[in-house]
Amino acid sequence: MHEGKEVTYAFNNTCSPSLPWSPREVTCEANYMEVSVRSEVTCPSGTMKDDWNALKSAHGSTTSDWQVAFQIAEEQLPSMNLSEARKRGYVFHLTDGRLVFRTPYGQPDSLSTEVNGVPVEVVHATLFSRQSWVVLMVDLVATCSMHEGSYDDSGYMMWETPEELYPSLDGTKLNFGLNGELVEQPVAEERGYIVEKHNTTVQICIPYNADGGYRKSFVAGDLYEFYVFHLYLEQILVDEDHVETRLRFHRTLATPMLPYHVFTENHTVLEERTFAVYLGDVPDDVALAAVHLNGQEFTVPFTNTSSHTITEVVHPNNTHGYTLKVPFDDPVIVQQFSKEDAVLQYRLNINYTLTVLPGNESYYHLSSIEALLTDVSPPAFDAICSESGISFKLDHRPFDYMWEICIGSDPLTSELAAQHGYIMSNDSQGLLLDVPLFTHGFKYKDITLKGFFGTFEILVQDRETSEVQSSTVKTCLFSTTELIMCSTDGRMTVVADLSLVIPSGGVPARTNLINKYCGPKEADGTRALFSFPFNSCGSIVKLGKENVTYQNEIVYSKKYLNMNNVVSDATDGVTVQCTYPLAGLHRLFSAHRFESDTVGIGSIIHTTQPTAGLQSPTIKPTAALKTTPATKRPIRLPVSFLPAVHPPAHYIKVFSFQNLLSGMRKEVQAANPASPLQQDPAPPLPPASVPGCTPSRGQQQPYR
């Protein structure tokens, strides 16, 4: 284009053939036929019948100008001069030593026929000129196979031509190749070509992946491909006069639209816990643009921050592939657990977006990959007993995140462990939990002087539904010199060392609580075991602002001292008490029932009673069960403490502190008018029995 106008420039180029011309050259191009002959060819040894037909036309000519006559089969058409022939599309050209005739396919003067089922087009032209009594005549015949090629399922493009389109004395010699390259038949066969002869027809089969072929992908709903081959075939024939004819074919052969299938292979190894999916057989003119993983789009290449990767793999056959890796624990992975079958399923739906170049047409390839982990079960701890508690160990498994580990109703966290005094370490390999004795969550049974059984339970629940799936329960036998346990149902169990309480020669079996009828359940040479409800055995109740304390005392009766005439400076008793937060109590001490959210905090206090000349008393605390009570139904009380009381046992439901205080006063005054309930915030009086709590002799009441 020049200044908006289309301009045409003439261009001339001259090429010299790499091989010398044959006496006769016939070329079958894509859209025309051409025959050229050497001007010095000697006359043939024989004259055929068709030659005489043309000679008659030449002999009857009255002009010396060159003319041409076409012949179809045995019919001789009227002759015409070269100017008229040019108007009809024919070209006659005389070069140095050669005469060239060229004609398009499908001219009215040509003949279309079949030879052994192969379509053939023939143009027979005779060029002549009469010079006085001499006639100059050149016979020009162009014959070409019009086979368009066919494709079969075996992967070959096939093309056919008659073996001898021209008379030949010794048969046909073939050379062929693609894109203008000629090789001899044996060499072509080594490259995968197949040459077969059926009767007088030559069949050439070109492999679809032959070097020099052209392949193209395209999208029409699905992915397709086609192949184009520029076949160059040369036939060399020698007639009976030993004149060589070289027949050249240039044919563009194209396969039909062929469906193309890329594929995916699952290379996932369960032990590696990573999806590995290979997308293969991708043509070289198709590129991966994006990947949808379970509906989420990720463009290629992936960012460095993503946990999934994609790697291109190049193959020598002009194809390539992509390896996609996505860890099982990637947020994009869909997981589903079947409780009935104990199977954990990981699922990855992949939508590959492929782009056909250079037009950037998009094609989508879908794939769905699953990985199944069988025999999936909730985590289970290994537990070991020690002198100071129980140790739990859990080896982490990749799918343990599906469950939640709980102590009671509370999830096990580092904050919970610190709150309750557990020792916990948790890393990628496993979890270690040391639970000291008497910490929150322990349960005790079969308490004797020889020892007791402590049980601790760890629950495993479904993280989504909070349903308990399994538990690890460990029970161990423990022994201790002293212990006190304050239960949630209002019972105190005490093992006390009485070696400082009883005098020399005394026995712990003769000790009792404030109520002298409450003796030990078991005793040995230095210790005694007591277990009793809070609302019995003369227990004393002390109310504080936020706590309530139930207190009793283990004493050695004076009568045993008098009976044995023993004089001792040992202590008279051991104070035992349990303290509960008011916020966690549902029923108070005055009821038949006692309910607490948590166990109480117990204490064993050894108080030394000095004899004459000794100093002030000392307090020696011992090991006690300590827990952090939960907060529930808060009841706000004044700071002052109430004096110790033990009202008669009957059911009272407490709604507020004022009701509680009023009811307690009425009960105490009714039971003992001489001992009114005091509100003095002074220190509490020494422990004393409350009237009405100790049955008279012969009328002993059962403990509640």
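Right above here is the structure, for reference.
Residues numbered from 1 in each chain as written. Predicted model: local features only at pLDDT ≥ 70, side-chain atom pairs only at ≥ 80, totals over all residues. Heavy atoms only, no water.

A separate point is the overall build of the protein chain. Assigned secondary structure in the protein chain consists of six helices and 50 strands. Here the protein chain holds 704 residues, and 43% of them are scored as buried. Of the contacts made within the protein chain by residues no fewer than 6 positions apart, 60% connect residues no fewer than 24 positions apart. Put simply, the protein chain shows about 38300 Å² of open surface, and 51% of that area lies on carbon and sulfur atoms. (Helix = DSSP H or I, 4+ residues; strand = E, 2+ residues; numbered from the N terminus. Buried < 20%, exposed > 50% of the residue type's maximum accessible area, 1.4 Å probe, protein only. Contact = heavy atoms within 4.5 Å. Areas by Shrake-Rupley, 256 points an atom, 1.4 Å probe, with all protein chains shown as cover.)

Our next topic: the state of the cysteines. Tallied over the full model, the rule gives four disulfides. What pairs with Cys486 in a disulfide is Cys578, and their sulfur atoms sit 1.9 Å apart. Judged by the sign of its S-S torsion, about -80 degrees, the bond between Cys486 and Cys578 is left-handed. Highlighted residues: Cys486 in strand S39 (residues 483–486) and Cys578 in strand S46 (residues 573–581), separated in sequence by 92 residues. Residue Cys486 is classed as buried on the basis of its relative accessible area, which comes to 1%. Under the relative-accessibility criterion, Cys578 is labelled buried at 0%. Two residues share a disulfide in this structure: Cys518 and Cys537, whose sulfurs sit 2.1 Å from each other. (Disulfide = S-S within 2.5 Å.)

Applying the stated rule across the entire model yields 29 aromatic pairs. A centroid spacing of 6.3 Å and a plane angle of 50 degrees characterise the contact between Phe70 and Phe101, whose relative ring orientation is tilted. Of the two residues, Phe70 is situated in strand S3 (residues 67–72) and Phe101 in strand S7 (residues 98–104); the sequence distance between them amounts to 31 residues. Each member of the pair Phe70 and Phe101 is classed as buried. Where Tyr422 meets Phe456, the ring centres are 5.9 Å apart and the plane angle is 85 degrees; that geometry is what we call edge-to-face. With Tyr422 in the loop between helix H4 (414–420) and strand S34 (423–426) and Phe456 in strand S37 (residues 452–462), the pair connects residues that are 34 residues apart, well separated along the chain. Residue classification places Tyr422 among the buried positions, given a relative accessible area of 6%. Owing to a relative accessible area of 0%, Phe456 belongs among the buried residues under this scheme. One aromatic cluster in this structure is built from Phe381, Phe392, Tyr422, Phe438, Phe442, Tyr444, Phe452, Phe456 and Phe478. (Phe/Tyr/Trp six-rings, centres within 6.5 Å; stacked < 30°, edge-to-face > 60°.)

Let's shift gears to the environment of Thr598. With respect to the secondary-structure elements, Thr598 resides in the loop between strand S48 (595–596) and strand S49 (601–607). Owing to a relative accessible area of 9%, Thr598 belongs among the buried residues under this scheme. Once the C-alpha coordinates of Thr598 and His440 are considered, the two residues, 158 residues apart in sequence, prove to be 8.8 Å apart.

Assignment of secondary structure puts Glu234 in strand S18 (residues 222–238). Residue classification places Glu234 among the buried residues on the basis of a relative accessible area of 2%. A polar atom in the side chain of Glu234 sits 3.0 Å from the side chain of Arg246. If we skip the residues at most four places from it in the chain, Glu234 touches Lys173, Leu174, Asn175, Leu182, Arg246, Leu247 and Arg248. (Polar contact = N/O pair within 3.5 Å; in protein donor to acceptor, adjacent residues only side chain to side chain.)

The subject of this paragraph is the environment of Asp462. Along the chain, the position of Asp462 falls in strand S37. Of the polar contacts made by the side chain of Asp462, one reaches the backbone nitrogen of Glu464; its length is 2.8 Å.

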